[in-house]
Amino acid sequence: MYRRVRRGLPLFLFACSWLSYADQGDDTRTRNSRYVGTQTCVACHQQQAAQWQDSHHAKAMQSADAKSVLGDFDNAEFRKDGFVSRFFRRDGKYFVHTDGHAGKPADYEIRYTFGVYPLQQYLIEIPGGKLQALGIAWDSRPKEQGGQRWYHLYPNQKLKAGDPLHWSGRDQNWNFMCAACHTTGLQKNFNLATNSYQSTWVENNVACESCHGAGAAHVANPTKDNIVGLGKSCPECVVEGICTSCHTAKWRPWAATVIVNHSFSLATDFRAGIPR
């Protein structure tokens, strides 16, 4: 059952503040100074850091390099709707030759990997500071399960530049649709007049401060009162705030009123989609 949450809304909005709705009165430099970074947290929280290090949160978004890229970029080809996209490497960087954002084929550098399992997407930067999620994804499951292949997220739709679902379209824009749940300390910095972004973030994954909040005050005076606790210390934060702000299909970053799914289940709502 879904219902509109009003009584708990202030708590939820506070929990989301370090995800995407951060203090609008602060400039980026002031706000980012409140973040201390994962390495600072590790100094005292080695056990938690070790558990996080190999998690999907740690790998939610990574700079594209030999360690993070799982897809086949050895001149692999993918055919759809009569067009052949090619994945290749050049000068140590990763590229795709595909149908372009301006309606013509072009080479695009892969700037970031997006996710890790059961699929990995790739982010491309186009003019206007926009990072876009390529519609061709890598199935990172084992080969015996049907993985280790390129596939298209919209196999039955013929998408062209200008379509919102095309990889260069509005609905595939990372800054607007994805960034809040895949970075730490995000500032979208959208300019309506120029339809462009100057987005900034502190860490390009779901790091400690994504969920626990900016840690400068806690580092200066480590107490439970100046950091957001999770788990047993704050069960309502996990179910109705911090976790569900990203881990439910009913979260809408553009909505004025938050909808919470009260049938929320860790077993079902935390699972990424399996490639078909």
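Caption draft 1: Representation of the overall build of the chain within the structure. Looking only at helices and strands, one finds nine helices and 13 strands in the chain. Looking at the chain residue by residue over its 276 residues, the buried ones come to 43%. Pairs at least 24 residues apart make up 52% of the contacts formed inside the chain by residues separated by at least 6 positions. Counting every atom, the chain has about 15500 Å² of accessible surface; 52% of that belongs to carbon and sulfur.

Caption draft 2: Expanded view of the nonpolar core. Counting residues in hydrophobic clusters, the biggest one holds 17 residues, and the most contacted among them are Phe73, Phe87, Ile124 and Trp150. Elements with a minimum of two residues in this core: strand E3 (76-80), strand E5 (93-99), strand E6 (105-114), strand E7 (119-126) and strand E9 (136-139). For this core, the leading source of residues is E7, giving three residues. Residues within four places of Ile124 in sequence aside, it is in contact with Val96, Tyr108, Glu109, Ile110, Lys130, Leu131, Gln132, Leu134 and Trp167. In terms of nonpolar packing, the next biggest core, distinct from the first, is built from 11 residues, Phe114, Leu123, Cys178 and Ala180 among them.

Caption draft 3: Geometry of the environment of Glu77. The residue Glu77 is located in strand E3 in this model. You can call Glu77 partly exposed: its relative accessible area is 49%. Taking the C-alpha atoms as reference, Glu77 lies 9.4 Å from His97; in sequence the two are 20 residues apart. Leaving out residues up to four positions away in the same chain, Glu77 has contacts with Val84, Ser85 and Arg86.

Caption draft 4: View of the state of the cysteines. One pass over the structure, following the stated rule, counts one disulfide. The closest cysteine sulfur to the non-disulfide-bonded Cys208 is located on Cys41, 4.0 Å from its own sulfur. On the accessibility criterion, Cys208 (22% relative accessible area) is partly exposed.

Caption draft 5: Representation of unusual backbone geometry in the model. Backbone torsion omega between Tyr117 and Pro118 reads 5°, so that peptide bond is classified as cis. Looking at where Pro118 falls in the secondary structure, it is placed in the loop between E6 and E7. Although it is not a glycine, Asn75 adopts a positive phi angle of roughly 60°. Assignment of secondary structure puts Asn75 in the loop between strand E2 (61-63) and E3. With phi around 55°, Asp91 is a residue other than glycine that occupies positive phi space. Structurally, Asp91 is set in the loop between strand E4 (83-90) and E5. Judged by relative accessible area, Asp91 falls into the exposed class, the value being 76%.

About the criteria used
Per chain, residues are indexed from 1 in the order of the written sequence. Since the coordinates come from a predicted model, pLDDT governs what is reported: local features require at least 70, and pairs of side-chain atoms require 80 or more to be given and counted, while whole-chain, interface and lining totals use all residues. Only heavy atoms go into the side-chain values, all of them from the structure, while hydrogens and water stay out. Helix and strand assignments come from DSSP, with helices taken as H or I runs of at least 4 residues and strands as E runs of at least 2, each series counted from the N terminus. To sort residues, take the accessible area from a 1.4 Å probe on protein chains only and compare it with the maximum for the residue type: under 20% means buried, over 50% means exposed, and anything in between is partly exposed. The contact criterion used is simple: two residues touch if any of their non-hydrogen atoms lie within 4.5 Å. Shrake-Rupley sampling with a 1.4 Å probe provides the accessible areas, and residues are treated as covered by the protein chains on show and by no other component. We call a set of buried residues a nonpolar core when its members are Ala, Val, Leu, Ile, Met, Phe, Trp, Tyr or Cys and they connect through side-chain atoms within 4.5 Å of each other. Cysteine sulfur atoms are paired as a disulfide whenever they come within 2.5 Å of each other.

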